[in-house]
Amino acid sequence: MKKILGLLLILLTLQACKTNYYTRKTYDFKKPVDTRDKKIDFQKKGKFKIDEITVANDFDGARMNAFSKINDTLYRVEISPENYPINPSPWYAFKISSTVDKDIYLQLNYLHAKHRYNPKISSNRKDWKKIEALYYGVDSVSVSFPLHLNAKPQWIAAQKIINSTDVKHWVDSLSQNKFFQEQKIVGKSVLGRDIPYFRIGEGSSENKKVIILLSRQHPPEVTGFMALQYFVSELLKDDALTRNFYKKYDIWVFPLLNPDGVDLGHWRHNAHGIDLNRDWAYYRQPEINAVTDFIIRKAKQGKNQVVLGIDFHSTFKDIYYVYNENISTQLPDFQQFWTSSIDRSVYPFKTKYVASDILQPVSKNWFKIQFDANGITYEVGDNTPESIIAKKSKAAAVALMDLLMRF
Ligand SMILES: [Zn+2]
């Protein structure tokens, strides 16, 4: 009798654990962040004309807050954030042209930040070239550079422009792939833009272990998004490794968590003025609410175990943000093995490894508290060459599949 009672107790406890696993929890982090709505400033959109010159910010992803003339050859564009305080990621993007051929100096002038992103220029919005000759103003709150203008508009931006339409085209371009499964809109942003999702795997996802990929919580972090793109294209290759891998695993991708921020040319926040990567405790913002709710409901439906979440970002240098060694997860030692395997592939290029406790309500920490999974923030440097991004992502995808097959 005692044995039966004991067994019953174990079964009940297991059931309770499972119920908890598939119920979204709120969590009081050691370093909480208030993510209730704040007001933002919308930039005035349009074409701004001085003399023969036109500067335009009338496209998705643009940011350019004012255009003025300083003297006969020097013109200024002003760049300001959506609200303040804010991280120093002064994103800008605009088009410039002149009805007559003209050589000018253009000054980028920042409010609440110093110059960070070296300007890139493009005549077709696809091929970008770095502008090399920069003259720094006092305290780097401005930079100027020479520019030749003519009637053909040129785009100038902090990084190459990848807006919500570009992300949609990219996802659509993958849809014929054998391992590309369902594609869905999991929710809407504050201003009603789509939050896209797709699944990579083979056949049904039921009972499979799941890896979650996230990107673009922070709009200017384009190099991190490029890393996700290369990572995904490696995961979609049809070979022995992927065929084996998808028997056991399924990958759920959320490539654009902050579509309003991206299209409005924000430095950091969503349209409620909030850093979405601080909202993974109370889900106050619709973007994080939709994504977390979808992940948990889908996992419950398919009896999936979420084992790993990777969130792609950009910062000054390449960094892996991981957990301290004393934090145990379902994948013991995975983070060390995985990152050192990636590093070997791009030697002597170095990526910093930063381990910490569960302190802030960021996605990386949410994977641990919600699913006892491993969470990693994969940061790509602002200036990391695309060849390195591609090589690293490819190695990261191969090493990920190879290692996870051993768990
Ligand atoms: Zn970020």
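Residues numbered from 1 in each chain as written. Predicted model: local features only at pLDDT ≥ 70, side-chain atom pairs only at ≥ 80, totals over all residues. Heavy atoms only, no water.

Asker: Describe the packing of aromatic side chains, and please don't skip the residues or the numbers.
Answerer: Per the stated rule, a full pass over the model turns up 24 aromatic pairs. Their ring planes at 65° and their centres at 6.3 Å tell us that Tyr105 and Tyr135 sit as a pair that is edge-to-face. Of the two residues, Tyr105 is situated in strand S6 (residues 102–110) and Tyr135 in strand S9 (residues 135–136); the sequence distance between them amounts to 30 residues. Three or more aromatic residues joined by ring pairs make a cluster, and in this case those are Phe231, Phe312, Tyr320, Phe334, Trp338, Tyr378 and Phe407. The ring centre of Tyr283 lies 4.1 Å from the NZ or CZ of Arg24, which sits over that ring. (Phe/Tyr/Trp six-rings, centres within 6.5 Å; stacked < 30°, edge-to-face > 60°. Helix = DSSP H or I, 4+ residues; strand = E, 2+ residues; numbered from the N terminus. Lys NZ or Arg CZ within 6 Å of the ring centre and 35° of its normal.)

Asker: Describe the domain arrangement of the chain, listing the residues and the values that go with them.
Answerer: Examined at the domain level, the chain breaks down into domain 1 (25–38 + 162–404) and domain 2 (47–157). Just the C-alpha atoms count here: the centres of domain 1 and domain 2 sit 31 Å apart. Taken residue by residue, the interface counts 20 residues in domain 1 and 22 residues in domain 2. Counting the surface lost from both domain 1 and domain 2, the interface buries some 1,700 Å², and carbon and sulfur atoms represent 49% of this. Summed over the shared surface of domain 1 and domain 2, the result is 2 salt bridges. In this structure, Asp382 and Arg116 form a salt bridge, with 2.8 Å as the shortest nitrogen-oxygen distance. Breaking the side of domain 1 that touches domain 2 down by element, the ones donating at least two residues are helix H2 (164–174), helix H5 (259–263) and strand S16 (305–315). (Domains from an automatic or database assignment. Contact = heavy atoms within 4.5 Å. Buried area = accessible area lost by both parts, 1.4 Å probe. Salt bridge = Lys/Arg side-chain N within 4 Å of Asp/Glu carboxyl O.)

Asker: An account of the coordination of the zinc ion is requested, with residue identities and associated values reported.
Answerer: Coordination angles at a metal have ideal targets, namely 109.5 degrees for four tetrahedral donors and 90 or 180 degrees for six octahedral donors. The coordination sphere of the zinc ion contains the protein donors His218 (ND1), Glu221 (OE), Glu221 (OE) and His313 (ND1), at a distance range of 2.1 to 2.5 Å. Around the zinc ion, the 4 donor atoms are arranged such that angles at the metal cover 55 to 144°; this shape is classified as irregular. Written as a sequence motif, the donor arrangement for the zinc ion is H-x2-E-x91-H. The exposure classification of His218 matches that of Glu221, with both residues buried. (Donors = N, O, S within 2.8 Å, 3.2 Å for Na, K, Ca; no water. Tetrahedral: all angles 85-135°; square planar, octahedral: opposite > 155°, others 65-115°. Buried < 20%, exposed > 50% of the residue type's maximum accessible area, 1.4 Å probe, protein only.)

Asker: Describe the pattern of salt bridges, with residues and values.
Answerer: Within the structure shown, the criterion is met by 27 salt bridges. Arg268 serves as the salt-bridge partner of Glu221, at 3.7 Å between the closest nitrogen and oxygen. Here Glu221, found in the loop between strand S14 (209–215) and helix H3 (222–235), pairs with Arg268, found in the loop between H5 and helix H6 (286–301); they are 47 residues apart in sequence, far enough to count as distant. No difference in accessibility class separates Glu221 from Arg268, as the two residues are buried. The residue Lys237 makes a salt bridge to Glu234 at a minimum N-O spacing of 3.0 Å. One salt-bridge network, held together by shared partners, links Glu182, Lys184, Arg199, Asp250 and Lys298.

Asker: How would you sum up helix H4 (residues 240–248)? Please name residues and give values.
Answerer: Note on helix geometry: an α-helix contains 3.6 residues per turn, so any two residues three or four positions apart are oriented the same way. Among the residues making up H4, those that are buried are Thr242, Phe245 and Tyr246. Burial along H4 is one-sided: seen end-on, the buried residues are contained in an arc of 95°. (Arc of directions from axis to C-beta.)

Asker: Outline helix H7 (residues 334–346), listing residues and values.
Answerer: The first and last C-alpha atoms of H7 sit 19 Å apart over 13 residues, in line with the 18 Å expected at 1.5 Å per residue. When H7 is considered as a whole, its buried residues turn out to be Phe334, Gln335, Trp338, Thr339, Ile342 and Val346. The arc that holds every buried residue of H7, seen down its axis, measures 110°, which confines them to one face. If you follow the buried residues of H7, they end up packed against H3, S16, strand S17 (319–323), strand S18 (352–356), strand S19 (374–381) and helix H9 (386–404). (Expected span 1.5 Å × (residues − 1).)

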